[in-house]
Amino acid sequence: MSERVSETVPPQPVLSVSPSWPNPGASVTLSCEGLKHQSEGWRFFWYKTVPDPSSRYYSIELLPGSTNGTEQNSFIINGPTHTGRFVCRAERGEPKFYTNYSKSKFVWSADPRPAASLSVNPDRVQHFRYDSVSLSCEGNSTEWRVMRIIEREGLSDFTCSYWGKMTGSTCTINPYYYMDGVFWCESKSGEFSNAVNITAQDDNHDGVILVSPVHPVTEGDPVTLSCRDKKQNLLSNVFFYHNDKLINNDGREELNISAVSKSDEGFYKCQHSGKESPRSWMSVREGLSAEPYKEKGQRPTAAVTRVNHISTLMLFR
């Protein structure tokens, strides 16, 4: 009797993805968890979401190899894995008893040639809450929309029209909306750009922010980090930290790295007059040839962008 009662309310499985930010060509494992008695006849089904061109909602389609379900509660997507959003559900018994669909999870591919590039103006990770910030999409499609996801509030993603103003392929963030999140461009046909992480702090107090590149930087390139206040003043007598370790004993205006290497990758923050910025991750990628992109008239630095999985951790600072 208790088993029948328990199945009058469909359970909701929990989907996990690993890795969430795969390197080019890497496989991704989906796991459908959180169900009791998983050994008792459950079959698992795996889906990819497809955007509805007329709204912010999505439909779903079964992944190849998942038509008849799987006995295991894990499913491997062999590389290369493209950026996309996935869900799972399970069924068992006769007549069939179905769980609810899981909440969706994203896989962000580090595709060196995404369908579009997303640029941020001002070109930095950290902003004050009331800064004027715009995000622009550049790609072959003429109808891109800017999207945002905020995992710490539960999986929620909205088009620019909910928290900004979309003009052509550029979204200007409404300064009254908190702008933390992962942002990307998406076409009506389901193509994706690279993704970028943006963080914001409330500027009701006299804080400081670190000015660091929003996109990964290429080995051998020069990089300059600085510290600013909410009036956008470039601060002097600043101390910089790499992975929470002080890297300069003399207060300076900027941190200049003439040629970045993998050892420079990590979390950075700045400190000025006892005020400390949040930490931001700077990702360093291997050198890539820009020639193929020049032939297509694309900007190499944006077109070859890779996103590091640590970016998502910045949402939970």
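Quick caveat, the model's predicted, so the values are computed rather than measured.

Pairing in this open sheet of three strands is antiparallel, and the strands run E18-E20-E23 from one edge to the other. Every other strand in the sheet has two partners, leaving strand E18 (208-211) and strand E23 (254-257) as the edge strands with one partner each. Pairwise comparison of adjacent strand axes, ignoring direction, gives a mean angle of 15 degrees for this sheet. Sheet analysis places strand E20 (residues 223-229) next to E23, joined by four bridges and oriented antiparallel. The residue of E23 that forms the bridge with Leu225 is Leu255.

On to unusual backbone geometry, then. That bond from Glu94 to Pro95 is cis: its omega, 5 degrees, falls within 30 degrees of zero. With respect to the helices and strands, the residue Pro95 is situated in the loop between strand E6 (84-92) and strand E7 (97-98). That bond from Asn121 to Pro122 is cis: its omega, 5 degrees, falls within 30 degrees of zero. On the secondary structure map, Pro122 appears in the loop between strand E9 (116-121) and strand E10 (126-128). Even without being a glycine, Asp244 presents a positive backbone phi close to 70 degrees. With respect to the secondary-structure elements, Asp244 resides in the loop between strand E21 (239-242) and strand E22 (245-246).

The next point concerns the pairing of strand E14 (residues 164-167). Bridge count for E14 against strand E15 (residues 170-173) is four bridges, and the pairing is antiparallel. Bridge pairing links Gly164 to Ile173 in E15.

Another aspect to go through is a nonpolar patch on the surface. A contiguous nonpolar surface patch, about 360 Å² in accessible area, is contributed by Tyr130, Tyr176 and Tyr177. The topology assignment puts Tyr130 in the loop between E10 and strand E11 (134-139).

On to the packing of aromatic side chains. Describing an aromatic ring pair means giving the distance of the ring centres and the angle of the ring planes. Applying the stated criterion across every chain yields a total of seven aromatic pairs. A centroid spacing of 6.3 Å and a plane angle of 50 degrees characterise the contact between Trp42 and Phe97, whose relative ring orientation is tilted. Of this pair, Trp42 sits in the loop between strand E2 (28-33) and strand E3 (43-51) while Phe97 sits in strand E7, and the two are 55 residues apart along the sequence. A residue is classified by how much of its surface remains accessible, and Trp42, at 5% relative accessible area, is buried. We note Lys269 situated over the ring of Tyr241; from NZ or CZ to the ring centre the distance is 5.3 Å. Its guanidinium or amino end placed over the ring of Phe267, Arg279 lies 4.0 Å from that ring's centre, counting from NZ or CZ.

Within the structure shown, the criterion is met by four disulfides. Each sulfur of the disulfide joining Cys32 and Cys88 lies 2.1 Å from the other. Taking the torsion about the S-S bond as the criterion, the Cys32 to Cys88 disulfide, at about 80 degrees, is right-handed. With Cys32 in strand E2 and Cys88 in strand E6, this residue pair connects regions lying 56 residues apart in the sequence. Judged by its relative accessible area of 0%, Cys32 falls in the buried class. In this model Cys137 forms its disulfide with Cys185; the gap between the sulfur atoms is 2.1 Å. Judged by the sign of its S-S torsion, about -95 degrees, the bond between Cys137 and Cys185 is left-handed. In this pair, Cys137 is assigned in strand E11 and Cys185 in strand E16 (residues 181-187), connecting sequence segments 48 residues apart. Residue classification places Cys137 among the buried residues on the basis of a relative accessible area of 6%. When the bonded cysteines of the protein are numbered from the N-terminus onward, they pair as 1-2, 3-6, 4-5, 7-8.

What follows deals with the nonpolar core. By size, the foremost hydrophobic cluster in this structure holds 20 residues, and its most contacted members are Leu118, Val120, Leu135, Val146, Trp163, Ile173 and Phe183. Broken down by secondary-structure element, the contributors of at least two residues to this core are E9, E11, strand E12 (144-149), E15, E16 and strand E17 (192-201). Grouped together as the second largest cluster of nonpolar side chains are 17 residues, Leu15, Leu35, Cys88 and Ala90 included.

On to the environment of Thr142. Positionally, Thr142 belongs in the loop between E11 and E12. Thr142 sits in the exposed class, given a relative accessible area of 76%. Measuring from C-alpha to C-alpha, the distance between Thr142 and Ser187 comes to 8.4 Å, with 45 residues separating the pair along the chain.

You can see Ser273 is positioned in the loop between strand E24 (266-272) and strand E25 (275-276). For the pair Ser273 and Asn237, spaced 36 residues apart in sequence, the C-alpha separation works out to 8.2 Å.

For the rest of this paragraph, the subject is the confidence of the model for the protein. In the predicted model, the protein carries a mean pLDDT of 79, and 79% of its residues have values of at least 70. Per-element confidence in the protein ranges from a low mean pLDDT of 30 for helix H3 (residues 300-303) to a high of 96 for E21. In the model, residues 1-5 has pLDDT below 50 throughout and makes two contacts with residues more than four positions away in sequence or in other chains.

The rules behind each value
Residues numbered from 1 in each chain as written. Predicted model: local features only at pLDDT ≥ 70, side-chain atom pairs only at ≥ 80, totals over all residues. Heavy atoms only, no water. Pairing = 2+ DSSP bridges. Helix = DSSP H or I, 4+ residues; strand = E, 2+ residues; numbered from the N terminus. Axes fitted to C-alpha atoms, helices over the stretch in contact; angles between N-to-C directions. Patch = residues over 30% accessible without salt bridge, like charges linked within 9 Å, V, L, I, M, F, W, Y side chains within 5 Å. Areas by Shrake-Rupley, 256 points an atom, 1.4 Å probe, with all protein chains shown as cover. Salt bridge = Lys/Arg side-chain N within 4 Å of Asp/Glu carboxyl O. Phe/Tyr/Trp six-rings, centres within 6.5 Å; stacked < 30°, edge-to-face > 60°. Buried < 20%, exposed > 50% of the residue type's maximum accessible area, 1.4 Å probe, protein only. Lys NZ or Arg CZ within 6 Å of the ring centre and 35° of its normal. Disulfide = S-S within 2.5 Å. Core = buried A, V, L, I, M, F, W, Y, C linked by side-chain atoms within 4.5 Å. pLDDT = per-residue confidence, 0-100. Contact = heavy atoms within 4.5 Å.

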